[in-house]
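# Geometric and topological summary
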Amino acid sequence: MQDLGLILFDSLPEETLPESVNELIKLVKKTIHKNYRLAKVLQKRIAFHYGNMPLLIREEVEKLFKTGEIKYLICTSTLLEGVNLPAKSIFIRKPNRGNHKPMNQNDFWNLAGRAGRWGKEFSGNIICIEPQDWKTPPTPNKRKQLIRRALDKIEKDSTDLANFIEKGSLREEAERRPDLEFAFGYYYTNFLNGDRLSTNDNLNRQLFGKFKTIKEKIKIPANIIKRNPGISPLAQQLLLDYFTENLHRVDEMVPVYPEDENAYQEYAKLIGRIGKTISVYPSQLTNSRSILLIYWMSGKPLSFLIRKSYESYQKNPVKYKAKTLPVVIREVMKNVEDFVRFRFAKDSSCYIDILRHFFVIIRDRPLLASFLMLC
């Protein structure tokens, strides 16, 4: 995407920039990096747009594109995610949605509908590049398509979900099939609420018997399970079992403040505990993620995180020869958005809920009072 921006940049003439674009260039250099490619291509009123960009920058790009101060926008499938960015002409190349999932006809016409700006043009242009190579070639005949719930596919063939639950909702499988993890939490919450699990009678019977058995094993309070629907109830129980098995050193399980002297080591251990129970965290990323968390929770700006990451890669150029500055910038942004602000935030919230419950169970321990004050 950034390479396309540079190609377009080289093909366009110099021009006088609006003050708003100059201000955005300054903001990009300050908050991300002085050599970030976005700062360069903006000099010819070109911009990038993708999900992991800082919200402040992304919103400013959207605003200036809508007003015409940015003329060209190179983007991912974020235009399909409810971002209202109409354009006179849309060029579609390698149309994937999300993690390399081919764009379907619904997606195509959703995107095509952004061509033509209300109040400015009577029509818009849609240019498909090499459509013969698309996994789902576009059709000129727009048809109504049935919109289905994400759960419909699971309800139609419940074998995968049944096997997922039967095998104990293995974390590796949950990583590959997050839809099964979500479905498990959704149906089990309905079960706890005394609601009908599904409109599918066969699935109802199948799940009800499994959930009755599971409920006997799970000692996690219903309110905690309902508060963490994206994490398997069995995985939550596994974390509680871990605390129980390590009662002799449970004091060590309490997260420390990021400014503590040993915070780096303690958060590496915390990531490890979460990665062995309620989630799957690659062990080779533990150290770098621990550093990233400490910096982020300490209030370090994104530009600092990028600079520190790039410096660490430069110290070992043989091992990290592919880590150019653009690669590092994208990588840090992705880690901040996907891991720090979403994945770890979700998992650590569940961790704290269960740890707090565990201390209530063993309330005679003197650590309880200080822990509750900390939380």
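Residues numbered from 1 in each chain as written. Predicted model: local features only at pLDDT ≥ 70, side-chain atom pairs only at ≥ 80, totals over all residues. Heavy atoms only, no water.

Soluble, globular proteins show a tendency: their nonpolar side chains are buried together. Counting residues in each nonpolar core, the largest one holds 99 residues, and the members touching the most others are Tyr36, Leu38, Leu161 and Phe211. At 15 residues, the largest contribution of residues to this core is made by helix α16 (residues 325–361). In this view, Leu38 contacts Val28, Ile46, Ala47, Phe48, Met53 and Ile57; residues no more than four positions away in its chain are not counted. (Core = buried A, V, L, I, M, F, W, Y, C linked by side-chain atoms within 4.5 Å. Buried < 20%, exposed > 50% of the residue type's maximum accessible area, 1.4 Å probe, protein only. Helix = DSSP H or I, 4+ residues; strand = E, 2+ residues; numbered from the N terminus. Contact = heavy atoms within 4.5 Å.)

Its location among the elements puts Asn52 in the loop between β1 (46–49) and α4 (55–66). For Asn52, a relative accessible area of 17% gives the class buried. Separated by 224 residues in sequence, Asn52 and Lys276 place their C-alpha atoms 27 Å apart. The residues contacting Asn52, other than those within four sequence positions of it, are Met333, Lys334, Glu337 and Asp338.

Our focus in this paragraph is the packing of aromatic side chains. Remark: the centre distance and the inter-plane angle together describe each pair of aromatic rings, the angle taken between the planes. Overall, the coordinates contain 17 aromatic pairs when judged by the stated rule. Relative to Phe208, the ring of Phe191 lies with its centre 5.5 Å away and its plane at 70 degrees, an arrangement referred to as edge-to-face. Residue Phe191 is located in helix α9 (residues 178–193), and its partner Phe208 is located in helix α10 (residues 201–217); the two are separated by 17 residues in the primary sequence. Take Phe191: its relative accessible area is 13%, and that puts it in the buried class. By relative accessible area, which is 44% here, Phe208 ends up partly exposed. (Phe/Tyr/Trp six-rings, centres within 6.5 Å; stacked < 30°, edge-to-face > 60°.)

All right, on to the layout of surface pockets then. Taken as a whole, the second largest pocket holds about 600 Å³ of empty space. If you go around the second largest pocket, you meet 21 residues; those closest to its centre are Ser288, Ile291, Ser309, Ser312 and Tyr313. Of all elements in the fold, only α14 (286–297), α15 (302–314) and α16 reach the threshold of two or more residues within the lining of the second largest pocket. Ranked by the residues each element gives to the lining of the second largest pocket, the list is headed by α15, at six residues. Residues that form the lining of the second largest pocket fall into these classes: eight nonpolar, six polar and seven charged. (1 Å grid on protein atoms, 1.4 Å probe; cavity = no way out; pocket = protein on both sides within 12 Å on 5 of 7 lines; lining within 4 Å. Points joined across faces, edges and corners; volume = space filled by probe spheres on them. Nonpolar A, V, L, I, M, F, W, Y, C, P; charged D, E, K, R; others polar.)

Right, let's talk about the packing of α9 against α10 for a bit. Here α9 crosses α10 at 75 degrees, and the two axes come no closer than 10 Å. Classified by the angle their axes make, α9 and α10 are roughly perpendicular. Two secondary-structure elements touch here, α9 through Phe184, Tyr187, Tyr188, Phe191 and Leu192 and α10 through Leu203, Leu207, Phe208, Phe211, Lys212, Ile214 and Lys215. By residue class, the composition of the contact of α9 with α10 is ten nonpolar, no polar and two charged. (Axes fitted to C-alpha atoms, helices over the stretch in contact; angles between N-to-C directions. Parallel < 35°, antiparallel > 145°, perpendicular 65-115°, else oblique.)

This paragraph deals with the pattern of salt bridges. Summed over the entire model, instances satisfying the criterion amount to 21 salt bridges. One salt bridge in this structure joins Lys71 and Glu15, with 3.7 Å as the shortest N-O distance. Separated by 56 residues along the polypeptide, Lys71 in the loop between α4 and β2 (72–75) and Glu15 in the loop between α1 (2–11) and α2 (19–31) bring together distant segments of the chain. On the basis of relative accessible area, Glu15 is assigned to the partly exposed category, the value being 29%. Each of Glu175, Arg343, Lys346 and Asp347 takes part in a single network of salt bridges with overlapping partners. (Salt bridge = Lys/Arg side-chain N within 4 Å of Asp/Glu carboxyl O.)

Right, let's get into the environment of Arg58. By secondary structure assignment, the location of Arg58 is in helix α4. Relative accessible area serves as the criterion here: at 18%, Arg58 is assigned to the buried category. It is 29 Å that separates the C-alpha atoms of Arg58 and Arg176, two residues lying 118 residues apart in sequence. Filtering out sequence-adjacent residues up to four positions away, Arg58 remains in contact with His49, Tyr50, Gly51 and Met53. Within polar-contact distance, the side chain of Arg58 engages the backbone oxygen of Gly51 at 3.0 Å. (Polar contact = N/O pair within 3.5 Å; in protein donor to acceptor, adjacent residues only side chain to side chain.)

Backbone geometry places Arg45, a non-glycine residue, at a positive phi of 60 degrees. Positive phi, normally seen in glycine, also occurs at Glu130, with a value near 50 degrees. Tracing the sequence through the fold places Glu130 in the loop between β6 (125–128) and α6 (150–156). On the accessibility criterion, Glu130 (48% relative accessible area) is partly exposed.

Now for the state of the cysteines. As enumerated under the stated definition, the model contains zero disulfides in all. The structure places no disulfide on Cys75, whose sulfur is separated from the nearest cysteine sulfur, that of Cys128, by 14 Å. By relative accessible area, Cys75 is classed as partly exposed at 27%. (Disulfide = S-S within 2.5 Å.)

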